[in-house]
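Chain and residue survey
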Amino acid sequence: KTNVMFLKTHKTASSTVLNIMFRFAEKYNLTVALPAGQLVHLGYPKTFLASFVEEFQAIGQNYNIMCNHLRFNSPEVQKVMAANAFYFSILRNPIPLLESSYVYYKDSAPAFRISKDVNEYLASPMKYYHPEDYKQNIYARNIMWFDFGYDNNAHNNKKYIQAVLKEIEQNFHLILIADYFDESMILLKHILCWDLDDVIYFKLNSRSQDTVQTLTLKSKEQIKAWCSLDWKLYLHFNQSFWRRIEETIGFEKLEKEVNHLRMRQKELMETCLSDQEAVGKDHIKNKALLPFQSGATDILGYNLKEDLDNRTLRTCQKMVMPELQYTSYLYAVQHP
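Structure report, in brief.

Conventions used here
Sequence order as written defines the numbering, with residues in each chain counted from 1. Local features in this predicted model are restricted to residues whose pLDDT is 70 or higher, and side-chain atom pairs enter the listing and the counts only when it is 80 or higher, whereas totals over whole chains, interfaces and linings include all residues. Side-chain numbers come from the whole structure's heavy atoms, not from hydrogens or water. Each helix is a run of H or I in the DSSP string that is no shorter than four residues. Each strand is a run of E no shorter than two, and both are numbered from the N terminus. The size measure is the radius of gyration over C-alpha atoms, and the globule rule it meets is 2.2 Å times the number of residues to the 0.38 power. The rule is simple: take the accessible area with a 1.4 Å probe, protein chains only, and divide by the maximum for that residue type; under 20% is buried, over 50% is exposed, in between is partly exposed. We call two residues in contact when some of their heavy atoms are within 4.5 Å. Here the open area of atoms and residues is found with the Shrake-Rupley method and a 1.4 Å probe, where only the protein chains shown may cover a residue. Charged residues are defined narrowly, with Lys and Arg counted positive, Asp and Glu counted negative, and His plus the chain ends left uncounted. To locate a charge, take NZ of a lysine, CZ of an arginine, CG of an aspartate or CD of a glutamate. Two N or O atoms count as a polar contact when they lie within 3.5 Å, although within protein this holds only if one can serve as hydrogen donor and the other as acceptor, and sequence-adjacent residues are included solely when both atoms are side-chain atoms. Here, expected helix span is obtained from the residue count minus one, scaled by 1.5 Å. The reported arc concerns the directions from the helix axis to the C-beta atoms and nothing else.

Along the backbone of the protein chain there are 15 helices and four strands. For the protein chain, whose C-alpha radius of gyration is 20 Å, the value lies close to the compact-globule estimate of 20 Å for 336 residues. When its C-alpha atoms are laid out on the principal axes, the protein chain stretches across 55 × 45 × 45 Å. For the protein chain, the residues scored as buried account for 57% of the 336 residues in total. In the protein chain, the proportion of contacts linking residues at least 24 apart, taken out of those at least 6 apart, comes to 72%. Accessible surface for the protein chain amounts to roughly 15,500 Å². Of this, 51% is attributable to carbon and sulfur atoms. Taking the average location of the 39 positive side-chain charges in the protein chain and that of its 38 negative ones, the two points are 4 Å from each other.

Quick look at the structure:
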């Protein structure tokens, strides 16, 4: 399948998925729906409109791939994507997700900025979170719910939640789970009929361990209540994810294929990387490959080996290319 729409959600390993999508687009010479005016996001956090896509007037419904950040809006996305497009997204357990958001968006979300640390914030979120600042505070509560196009301050009403879950199931063919990333890639490969090498990845946009804040047990419970919409969303699709694996691949075959993926990934890391692993921002030698740094994080990147032949170098560069650089590279290729 080559017509694919990926809803890129925040702090869910989605930058790694974006890299997979971009490489796939290049491999098969596909057209990517890039943000108009060389921006990074497709209008985010505004609700998506087709006009947010570069040259939408001219290209119309002939884009193959769409995967930059946007706030989902089904009728407008359908104007851009082919009728047979495959829609998927990714969710993450809201407990680690909120801690990750907190550190990453510490400077940009007012609710995070004025609290000392994540546990202080969660002890009484309403002290810091003011619904009237909701546009700046989207990262501080139910961020996944918001990305799917819904009100992240809505009340936890059973009927409303059921209706939203049903609508998401109608709009998306597949929802992956970041906490089981390798299993997710194998499932994606099967459903899209792709090759193993199409879903091989190096983890992108991850941060150094020393910027992780330890959540107390009380904070973890508090996240389930404070981000109850995201929590329900996650529980629902975590279940359907494993059901889908059982129906599509089966657990025995899944394990074999995950091992195969990890072996191939290790091979590529040995081929490409001088350090065999991601390194902190101060240790990235080629500044062109430095990922965007945000908040109190140290976003890791990679150093490539120096004596690679041209073909290997190209492959390796694309594997480690951060989101902003890859987006503008594709922009230059597609819209010279």
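Our next topic: the side chain of Thr12. Residue placement: Thr12 occurs in the loop between strand E1 (4-7) and helix H1 (14-27). By relative accessible area, which is 1% here, Thr12 ends up buried. Among the polar contacts made by the side chain of Thr12, one reaches the side chain of Thr9 at a distance of 2.8 Å. Not counting chain neighbours up to four residues away, the residues in contact with Thr12 comprise Ile90, Leu91, Arg92, Leu97, Met144 and Ala178.

This part is about helix H15 (residues 323-334). For H15, built from twelve residues, the straight-helix expectation of 16 Å at 1.5 Å per residue is met to within 8% by its first-to-last C-alpha distance of 16 Å. Looking only at H15, the buried set comprises Glu323, Tyr326, Thr327, Leu330 and Tyr331. Angular distribution of buried residues about the axis of H15 spans 140 degrees; they occupy a single face of the element. The inward-facing, buried residues of H15 abut H1 and helix H14 (310-320).

Following Tyr44, the chain continues to Pro45 via a peptide bond in cis, the omega torsion being 5 degrees. You can see Pro45 is positioned in the loop between H1 and helix H2 (56-59). Non-glycine residue Gln38 carries a positive phi angle of around 55 degrees. If you trace the backbone, Gln38 turns up in the loop between H1 and H2.

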